[in-house]
6 protein chains.
Amino acid sequence: MKRIAVYPGTFDPVTNGHLDLTERASRHFDEVVMAVLLNENKQPTFSTEERVAFMRDAVKAWPNVRVDSFGGLLVDYARKIGASVIVRGIRAVSDFEYELQMAMMNRRLIEEIETVFMVPSESYSYLSSKLVREVARFGGNISGLVPDSVEQALLKRFRSS
Amino acid sequence: MKRIAVYPGTFDPVTNGHLDLTERASRHFDEVVMAVLLNENKQPTFSTEERVAFMRDAVKAWPNVRVDSFGGLLVDYARKIGASVIVRGIRAVSDFEYELQMAMMNRRLIEEIETVFMVPSESYSYLSSKLVREVARFGGNISGLVPDSVEQALLKRFRSS
Amino acid sequence: MKRIAVYPGTFDPVTNGHLDLTERASRHFDEVVMAVLLNENKQPTFSTEERVAFMRDAVKAWPNVRVDSFGGLLVDYARKIGASVIVRGIRAVSDFEYELQMAMMNRRLIEEIETVFMVPSESYSYLSSKLVREVARFGGNISGLVPDSVEQALLKRFRSS
Amino acid sequence: MKRIAVYPGTFDPVTNGHLDLTERASRHFDEVVMAVLLNENKQPTFSTEERVAFMRDAVKAWPNVRVDSFGGLLVDYARKIGASVIVRGIRAVSDFEYELQMAMMNRRLIEEIETVFMVPSESYSYLSSKLVREVARFGGNISGLVPDSVEQALLKRFRSS
Amino acid sequence: MKRIAVYPGTFDPVTNGHLDLTERASRHFDEVVMAVLLNENKQPTFSTEERVAFMRDAVKAWPNVRVDSFGGLLVDYARKIGASVIVRGIRAVSDFEYELQMAMMNRRLIEEIETVFMVPSESYSYLSSKLVREVARFGGNISGLVPDSVEQALLKRFRSS
Amino acid sequence: MKRIAVYPGTFDPVTNGHLDLTERASRHFDEVVMAVLLNENKQPTFSTEERVAFMRDAVKAWPNVRVDSFGGLLVDYARKIGASVIVRGIRAVSDFEYELQMAMMNRRLIEEIETVFMVPSESYSYLSSKLVREVARFGGNISGLVPDSVEQALLKRFRSS
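Model, not experiment: these values are computed from the prediction.

Asks: Explain the overall build of chain A to me, using residue names and the numbers behind them.
Replies: Along its length, chain A carries 6 helices and 5 strands. Helices and strands appear in chain A in the N-to-C order β-α-β-α-β-α-β-α-β-α-α. The C-alpha radius of gyration of chain A comes to 16 Å, within 12% of the 15 Å expected for a compact globule of 161 residues. Oriented by its inertia axes, the alpha-carbon framework of chain A measures out at about 45 × 35 × 30 Å. Taken over 161 residues, chain A has a buried fraction of 61%. On chain A, roughly 6,600 Å² of surface is accessible, and the fraction owed to carbon and sulfur atoms is 49%. If you average the places of the 21 positive and of the 21 negative side-chain charges in chain A, the two averages end up 3 Å apart.

Asks: Can you break down the relation of the copies chain D and chain A residue by residue, with the values?
Replies: Here chain D sits on chain A after a turn of 180° about the axis and a move of 0.0 Å along it, with an RMSD of 0.0 Å. The transformation relating the two chain copies, once decomposed into turn and shift, fits a two-fold axis. Across chain D, the rotation axis passes nearest the C-alpha of phenylalanine 117 of chain D, at a separation of 2.4 Å.

Asks: Please set out the relation of the copies chain C and chain B residue by residue, giving values where relevant.
Replies: Each copy of the sequence occupies a distinct position, and chain C is placed on chain B by a rotation of 180° and an axial shift of 0.0 Å, giving an RMSD of 0.0 Å. Comparing contact sets, 100% of the residues at the interface of chain C also lie at the interface in chain B, consistent with an isologous, same-surface contact.

Asks: Any details on the interface of chain C and chain B? Residues and values, ideally.
Replies: If you look at the interface, chain C gives 28 residues, while chain B gives 28 residues. Looking only at chain C, the three residues that lose the most surface to chain B are Arg3, His28 and Val119 of chain C, adding up to 24% of its buried area. At the junction of chain C and chain B, the tally comes to 6 salt bridges. With its nearest N and O atoms 3.0 Å apart, the salt bridge here joins aspartate 30 of chain B to arginine 3 of chain C. At the surface where chain C touches chain B, the tally comes to 13 residue pairs in polar contact (both at pLDDT 80 or more). Those elements that provide at least two residues to the side of chain C that touches chain B are helix H1 (16–28), helix H4 (93–109) and strand S5 (114–118) of chain C. Of all the elements, H4 of chain C adds the most residues to the side of chain C that touches chain B, at 6 residues.

Asks: Go over the nonpolar core, please, and point to the residues and values.
Replies: In this structure, Val87 of chain A, Met34 and Val87 of chain B, Val87 of chain C, Val87 of chain D, Val87 of chain E together with Val87 of chain F are the most contacted members of the largest nonpolar core, which totals 311 residues. For this core, the element with the highest residue contribution is helix H4 (residues 93–109) of chain B, accounting for 7 residues. Excluding residues within four positions of it along the chain, valine 87 of chain E makes contact with Ala5, Val6, Tyr7, Pro8, Leu21, Ala25, Phe29, Val116 and Met118 of chain E.

Asks: Quick one: what's the story with the environment of methionine 34 of chain F, residue by residue and with numbers?
Replies: Residue and element names in this part refer to chain F. Structurally, methionine 34 is set in strand S2 (residues 31–37). Separated by 53 residues in the primary sequence, methionine 34 and valine 87 place their C-alpha atoms 9.4 Å from one another. In this view, methionine 34 contacts Tyr7, Phe11, Val14, Thr22, Met55, Val59, Val65, Arg66, Val67 and Asp68; residues no more than four positions away in its chain are not counted.

Asks: How would you explain helix H6 (residues 148–159) of chain B if you had to name every residue and give the values?
Replies: All names here are of chain B. A rise of 1.5 Å per residue sets the reference length of H6, with its 12 residues, at 16 Å; its end C-alpha atoms lie 16 Å apart and thus fit the reference within 8%. Val150, Glu151, Ala153, Leu154 and Phe158 are the residues of H6 that are buried. The arc that holds every buried residue of H6, seen down its axis, measures 165°, which confines them to one face. With respect to the buried face of H6, the exposed residues turned more than 90 degrees away are Asp148, Lys156 and Arg159.

Asks: How would you explain the interface of chain D and chain A if you had to name every residue and give the values?
Replies: Across the contact, 28 residues belong to chain D and 28 residues belong to chain A. Where chain D abuts chain A, roughly 2,600 Å² becomes buried across the two surfaces, and 56% of that area is made up of carbon and sulfur atoms. The three residues of chain D that bury the most area against chain A are Arg3, His28 and Val119 of chain D, which together make up 24% of that side's buried surface. The interface formed by chain D and chain A includes 13 residue pairs in polar contact (both at pLDDT 80 or more). Where the side of chain D that touches chain A is concerned, the elements lending two or more residues are helix H1 (16–28), helix H4 (93–109) and strand S5 (114–118) of chain D. Looking at which element gives the most residues to the side of chain D that touches chain A, the answer is H4 of chain D, with 6 residues. Residue classes in the side of chain D that touches chain A are distributed as 13 nonpolar, 4 polar and 11 charged.

Asks: Tell me about unusual backbone geometry, and name the residues and values.
Replies: All names here are of chain C. The omega torsion of the bond from aspartate 12 to proline 13 falls at 5°, within 30 degrees of zero and hence cis. Relative to the helices and strands, proline 13 resides in the loop between strand S1 (4–9) and H1. The phi angle at phenylalanine 11 is positive, at roughly 50°, despite the residue not being glycine. As for its placement among the helices and strands, phenylalanine 11 is situated in the loop between S1 and H1. A relative accessible area of 3% means that phenylalanine 11 is categorised as buried.

Asks: Just give me the short version of the packing of aromatic side chains, but keep the residues and values in it.
Replies: A complete count under the given rule lists 21 aromatic pairs over all chains for this structure. On the numbers, 6.1 Å between centres and 40° between planes, the contact of phenylalanine 29 of chain B with phenylalanine 29 of chain C is tilted. With phenylalanine 29 of chain B in the loop between helix H1 (16–28) and strand S2 (31–37) and phenylalanine 29 of chain C in the loop between H1 and strand S2 (31–37), the pair connects residues from two separate chains. Geometry around phenylalanine 138 of chain A places arginine 137 of chain A over its ring, the cationic atom sitting 6.0 Å from the centre.

Asks: Describe in detail the pairing of strand S4 (residues 85–89) of chain A, supporting the description with residues and values.
Replies: Bridge count for strand S1 (residues 4–9) of chain A against S4 of chain A is 2 bridges, and the pairing is parallel. Directly across from alanine 5 of chain A, in S4 of chain A, lies its bridge partner valine 85 of chain A.

Asks: If you had to explain the pattern of salt bridges to someone new, which residues and values would you point to?
Replies: Counted according to the given criterion, the structure contains 78 salt bridges over all chains. A salt bridge links arginine 107 of chain C to glutamate 114 of chain C; the nearest nitrogen and oxygen atoms lie 2.7 Å apart. Overall, the relative accessible area of 7% leaves arginine 107 of chain C in the buried class. Arginine 24 of chain E serves as the salt-bridge partner of glutamate 111 of chain F, at 3.4 Å between the closest nitrogen and oxygen. On the criterion of chain membership, the pair formed by glutamate 111 of chain F in the loop between helix H4 (93–109) and strand S5 (114–118) and arginine 24 of chain E in helix H1 (residues 16–28) is interchain, its members lying in two chains. With relative accessibility at 4%, the residue arginine 24 of chain E sits in the buried group. Residues joined by salt bridges that share partners form a network here, namely Asp20 and Arg24 of chain A together with Arg107, Glu111 and Glu114 of chain D.

Asks: Pulling in residues and values, what's your account of helix H2 (residues 48–59) of chain D?
Replies: Note: α-helices contain 3.6 residues per turn, so residues at a spacing of three or four share the same orientation. Residues and elements named next belong to chain D. In this model H2 runs 17 Å from its N-terminal to its C-terminal C-alpha over 12 residues, within 8% of the 16 Å that 1.5 Å per residue would give. The set of residues buried in H2 consists of Thr48, Arg51, Val52, Phe54, Met55 and Val59. When H2 is viewed along its axis, its buried side chains cluster within an angular range of 160° and face the same direction. Check the buried side of H2 and you find it contacts H1, strand S2 (31–37), strand S3 (65–70) and helix H6 (148–159).

Asks: Which residues make up the environment of serine 26 of chain A, and what are the values?
Replies: All names here are of chain A. Following the sequence through the fold, serine 26 ends up in helix H1 (residues 16–28). Here serine 26 falls in the buried class, since its relative accessible area comes to 12%. It is 22 Å that separates the C-alpha atoms of serine 26 and aspartate 76, two residues lying 50 residues apart in sequence. Setting aside residues up to four positions removed in sequence, serine 26 forms contacts with Val32, Asn64 and Val65.

Asks: A description of the environment of phenylalanine 138 of chain C should follow, citing residues and the corresponding values.
Replies: Tracing the sequence through the fold places phenylalanine 138 of chain C in the loop between helix H5 (129–137) and helix H6 (148–159). Along the primary structure phenylalanine 138 of chain C and phenylalanine 158 of chain C are separated by 20 residues, whereas in three dimensions their C-alpha atoms are 8.0 Å apart. For phenylalanine 138 of chain C, the residues in contact, after removing those within four places along its chain, are Gly72, Leu73 and Asp76 of chain F.

Asks: Would you mind going over the side chain of arginine 51 of chain D in detail, with residue names and values included?
Replies: Turning to its location among the elements, arginine 51 of chain D is positioned in helix H2. With no salt bridge to any partner, buried arginine 51 of chain D finds its closest opposite charge in aspartate 12 of chain D, at an N-O distance of 4.2 Å.

Asks: Break down the pairing of strand S4 (residues 85–89) of chain B for me, with residues and values.
Replies: Pairing analysis gives 5 bridges linking S4 of chain B to strand S5 (residues 114–118) of chain B, with the strands arranged parallel. Bridge assignment links valine 87 of chain B to a residue of S5 of chain B, and that residue is valine 116 of chain B.

Asks: With reference to specific residues and values, describe the packing of helix H2 (residues 48–59) of chain C against H6 of chain C.
Replies: All names here are of chain C. Axis separation between H2 and H6 bottoms out at 9 Å; the angle between their running directions is 145°. In contact with Glu50, Phe54 and Asp57 of H2, H6 contributes Ser149, Val150, Ala153 and Arg157. Here the residues of the contact of H2 with H6 are counted per class, giving 3 nonpolar, 1 polar and 3 charged.

The rules behind these values
- Residues numbered from 1 in each chain as written.
- Chains lettered and ligands numbered in written order.
- Predicted model: local features only at pLDDT ≥ 70, side-chain atom pairs only at ≥ 80, totals over all residues.
- Heavy atoms only, no water.
- Helix = DSSP H or I, 4+ residues; strand = E, 2+ residues; numbered from the N terminus.
- Rg over C-alpha atoms; globule rule 2.2 N^0.38 Å.
- Buried < 20%, exposed > 50% of the residue type's maximum accessible area, 1.4 Å probe, protein only.
- Areas by Shrake-Rupley, 256 points an atom, 1.4 Å probe, with all protein chains shown as cover.
- Lys, Arg positive; Asp, Glu negative; His and termini not counted.
- Charge placed at Lys NZ, Arg CZ, Asp CG, Glu CD.
- Least-squares fit on C-alpha atoms with pLDDT ≥ 70 in both.
- Contact = heavy atoms within 4.5 Å.
- Buried area = accessible area lost by both parts, 1.4 Å probe.
- Salt bridge = Lys/Arg side-chain N within 4 Å of Asp/Glu carboxyl O.
- Polar contact = N/O pair within 3.5 Å; in protein donor to acceptor, adjacent residues only side chain to side chain.
- Core = buried A, V, L, I, M, F, W, Y, C linked by side-chain atoms within 4.5 Å.
- Expected span 1.5 Å × (residues − 1).
- Arc of directions from axis to C-beta.
- Nonpolar A, V, L, I, M, F, W, Y, C, P; charged D, E, K, R; others polar.
- Phe/Tyr/Trp six-rings, centres within 6.5 Å; stacked < 30°, edge-to-face > 60°.
- Lys NZ or Arg CZ within 6 Å of the ring centre and 35° of its normal.
- Pairing = 2+ DSSP bridges.
- Axes fitted to C-alpha atoms, helices over the stretch in contact; angles between N-to-C directions.

Structure representation (structure tokens):
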């Protein structure tokens, strides 16, 4: 039986912390699907298409990782693509409590789909998409924190604003 | 002396976790007043009238529980209705810190009114109004998490949206 | 119906933080029983008799507070004395998690006995019996942190050691 | 490639929370090895042999779960048995921080072995081996919290003491 | 070498907790610069000019404290004014995690600038600008929580609204 | 006025995380005194003399850092050596709460001595003396986590045991 893990997120934009986690997950599951959440209400910095494109570019060297987007309930999406596991990164206590609540609710919705938590490298323990956007907006150096294509796009985005 | 406890909240909508806590509180105080906060700024999913109606329906079997709404400072409202205790549920560490801050500020405003914390059943440890709304919006099953009338109203609300 | 609350602890020794909580609880319940845990394994600084004596002295002005000691399961003791509520103080996140675990286990053992948490005055937020003992051992000033009789006893204890 | 997960612990004694987690893990990995830590310094309530026997009895219906014991470094043991994943349960914030620290140290020792965290059912969120032992010692009802064989053994152990 | 510490914040409005921390910092560094963040996106209750004026008035007795405002990255501002230290107050676990993340990112941006955390007096452990605004809006007593000029301004602001 | 900071600890043994923090502190204070706590009750792995010797060797390149040992209350020691600041590292939430409690008690004992918290490099966020000892005991590789002299001493200690 092929074991598929879905790694959901907003990824606005994808960071090297997300990629570190994806690479780790790809060693322990047969397939990892990075799934961009279509959140219609919020105004993302990058469009879903842009976010998916950055991620596809970043994971192209890993044969068992693919990138997709989804709307609606995560567990419905996971079942649709045949995933048995939801992967989430945890770094901090505040992450942990929200993630625990989500994991319990998702389990209640579909019992067979399990959430597993993994820890990104400590080099990325302070990293978040929001913080990267804020640093980039004010011209701070984000090299090494995001893939090159994301760095270029952020520079371009905030230079013109 | 009659001991009155006020259990304040937004209750948008009331969940079975809130009701579990109310029922527990009703055994230890002479009267429990569930008090819906009138927060004019935020846009609730249900109007104050709807929220109060759901709650009245849900607590009608408990003789010493009543439902009300209030604006302004909680401690002023508590004093007005003769309550000596504020009841709050705590499930998680992040709840706890905010609640502690509020309890200390409320004590400073009116020393005689005490905040007591109670723990809902572990069956509801992952439950919040926000999470219920999100699951309902995407058609997830919320039966068992909210009273029947709330479930019907959420289904109706999000079907038509 | 008389509402009795039990406030259990090791109280080795009782601090002004414990007494602050007791006084608050005494305003909201008909009777408060401070119950010293007989923990045979640990070596307390003061004997059960001494701990009970310090507490009796400290609460003598409050007519609805009494001091007792107990062994075995707390919920069995609570039921024996007719208490419907267990009172516990919480100051910090680490307190909170352990207390939550105990509250859930106690509820499972006897469903009718509820744990309620109260917050001591912020003046005592850093205070614990252990810290008081450590400061006293090295001659630090503990006046204002414990009742006078406890202060005298600690001074005597550590002077002679 | 067969994916083996090791689930290490003291298991003194195994609880239904441990078994809930094991059963979940067994659905997502090809083999799960419950590994009892030989901690020579501490005085366990049950011997390693007893602890292993309780666990073997409890997992006998699950074909891809086996029970073992180990000394020394966990990562050395994991490598020896060909495990690529360490499974740990997390319930609370205090668990989480220690577990995170261990996961990072273990990764530093052997990079290829990953720690994944899973969440036991909320029914067991308050459960720990230590709490079970304490309740059993004072004659509290532990049925439903541990396997029957463990319940019998605890009753016998503490009756005779 | 003169040691300059920058204490950044929104200070909307400054509270006695902020001032307690400033006074403490002023004893341990040669100069303390309270730096009001120009956050263009959010709608503050008081304008940058008002916030700076309140603070100047409040710190005028302390010779080595001055008030300024800044935009852009904090570390760029710190370097510009010759500060080697960023001072932040921490009261709660949720503060702590965000602050830790910021401290690590700031260190990555400019290695030589260090963040140090200090603890305000426990009398202010429940105090925040947001809570002060909420209490003031509903006519609660905020005397003792903010400087007199801020109290007057808040009363005036919310009376007229 | 010369600003002296004391960095107290058990340092059994000193790790590269402690040294990272010391080096950072040495840039922001005129003198840093690493002060080994003489805790007579506990049985350390290394004697006070050994611990001090490891530290002296490790800090010899930093002219404004010196190593000492102390018994009794930390604040009394700090006053005796003319220190106005206590430096402590914080990495995790559980550290934080205990440290906060100590900082408040120390401030109550001597108001003029302030505790400041600093964050070690994220490379050492998982590191503690206890974990280093445990890894070393079972022959795990601790190179890069402690100074060379400590590594040699740990290897020797646990080889012979």
